[in-house]
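# An overview of the molecular structure
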Amino acid sequence: MVESTFHSFANALRERLAEPLPGPEAHLKMASASRLRMAMQPNERTRRSAVLIVFYPYQHSIYLPLILRPQYDGVHAGQMAFPGGRMERSDESLIRTALREAQEEVGIRVTDVKVLGKLTELYIAPSNFFVQPVVGILPYRPDFYPDPREVEHVVEVSLDELMDETIIGANAVEVRGTIIDAPFYQIQGFKVWGATAMMISELLMVINSVTK
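The rules behind the values
Residues numbered from 1 in each chain as written. Predicted model: local features only at pLDDT ≥ 70, side-chain atom pairs only at ≥ 80, totals over all residues. Heavy atoms only, no water. Helix = DSSP H or I, 4+ residues; strand = E, 2+ residues; numbered from the N terminus. Areas by Shrake-Rupley, 256 points an atom, 1.4 Å probe, with all protein chains shown as cover. Contact = heavy atoms within 4.5 Å. Core = buried A, V, L, I, M, F, W, Y, C linked by side-chain atoms within 4.5 Å. Buried < 20%, exposed > 50% of the residue type's maximum accessible area, 1.4 Å probe, protein only. Salt bridge = Lys/Arg side-chain N within 4 Å of Asp/Glu carboxyl O. Pairing = 2+ DSSP bridges.

### Points about the overall build of the chain
Check the secondary structure of the chain and you find six helices and 11 strands. Here the chain displays about 10,900 Å² of accessible surface, and carbon together with sulfur accounts for 50% of that area.

### Notes on the side chain of Asp91
With respect to the helices and strands, the residue Asp91 is situated in the loop between strand S4 (84-86) and helix H4 (94-106). For Asp91, the contacting residues outside a window of four places in its chain are Arg86, Arg96, Thr97 and Arg100.

### Some remarks on the nonpolar core
Core analysis: the biggest nonpolar cluster contains 41 residues, and Leu13, Phe55, Leu64, Leu66 and Tyr185 have the highest contact counts within it. Tallying contributions element by element places helix H6 (residues 194-211) first for this core, with nine residues. The next biggest cluster of nonpolar side chains, apart from the first, holds 20 residues, and it includes Leu94, Ile108, Phe144 and Val154.

### A word on the pattern of salt bridges
With the rule as written, the count across this model stands at 10 salt bridges. Here Arg100 ties to Glu104 by a salt bridge, and the two come within 3.3 Å at their closest N and O atoms. With Arg100 and Glu104 both in helix H4 and four residues apart, this pair spans about one turn of that helix. What makes Glu104 partly exposed here is its relative accessible area of 45%. A cluster of three or more residues bridged by salt bridges with shared partners is formed by Asp91, Arg100, Glu101 and Glu104.

### What about the pairing of strand S1 (residues 47-58)?
Along S1, nine of the 12 residues are buried, which leaves the element largely enclosed by surrounding structure. Relative to strand S7 (residues 129-137), S1 is paired through nine bridges, and the arrangement is parallel. When the sheet's bridge partners are listed, Ile53 is paired in S7 with Val135. Pairing between S1 and S4: three bridges, direction antiparallel.

### Points about the pairing of S7
Residues in a regular strand point their side chains to alternate faces of the sheet. With eight of nine residues buried, S7 is to be regarded as a mostly interior element. One ladder, built from four bridges, connects strand S5 (residues 114-118) with S7; its direction is antiparallel. Directly across from Val115, in S7, lies its bridge partner Gly136. In this structure, strand S6 (residues 122-124) lies alongside S7, joined through three bridges in antiparallel fashion. Residue pairing across strands places Ile124 opposite Phe129, the latter belonging to S7. Taking the residues that link successive antiparallel strands as the turn, the S6-S7 hairpin has four residues, and the phi of Asn128 there is positive, at about 55°.

### Quick look at the side chain of Asn128
Inspection of the secondary structure puts Asn128 in the loop between S6 and S7. Assessed through its relative accessible area of 15%, Asn128 is described here as buried.

### Considering unusual backbone geometry
For Gln59, which is not a glycine, the phi torsion comes out positive at approximately 50°. Here Gln59 lies in the loop between S1 and strand S2 (61-68). On the accessibility criterion, Gln59 (53% relative accessible area) is exposed.

Encoded structure:
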């Protein structure tokens, strides 16, 4: 993709993110049956966190990275996600949290990231986190240096692939011994479901509104 087209995309996305967001309307499209049934809400013990959705030009297209979490004793083990994590006391904002975590987890040079805006915060009941998706761009394809404690694999996804509706599916997903009916995006052999799929749903709804 020529540089001017990437910048035009970024400028249009930045302007759209400053407007009212689809939020729950988009989230519901990729919400699991258990989430809809339980309808859990944040509480006094809920912690804040943030993830970074970062676009960059590569191979005449636009890409973004997803990460595969390693297997560990936790609710999000082995799941696909955006780079991110919990807010620390030293973080002056959730944007800083997203940038710091992306640098720590996959080695993104945060001083080169231009933040375009934010999507709607999303509550994740199993881990009791309120997550803020932050959207940004890099002017180049980054070199990834995944932290093996946090990231098993980095998956680079083109925007064209992400916008292909044929990657959407729905079936039973086993999570820590429990079967959950959940819609998902089938991306390069990985099922992306749960909160990450809900964030992608809102992201795509926003992007579709500026690329028509």
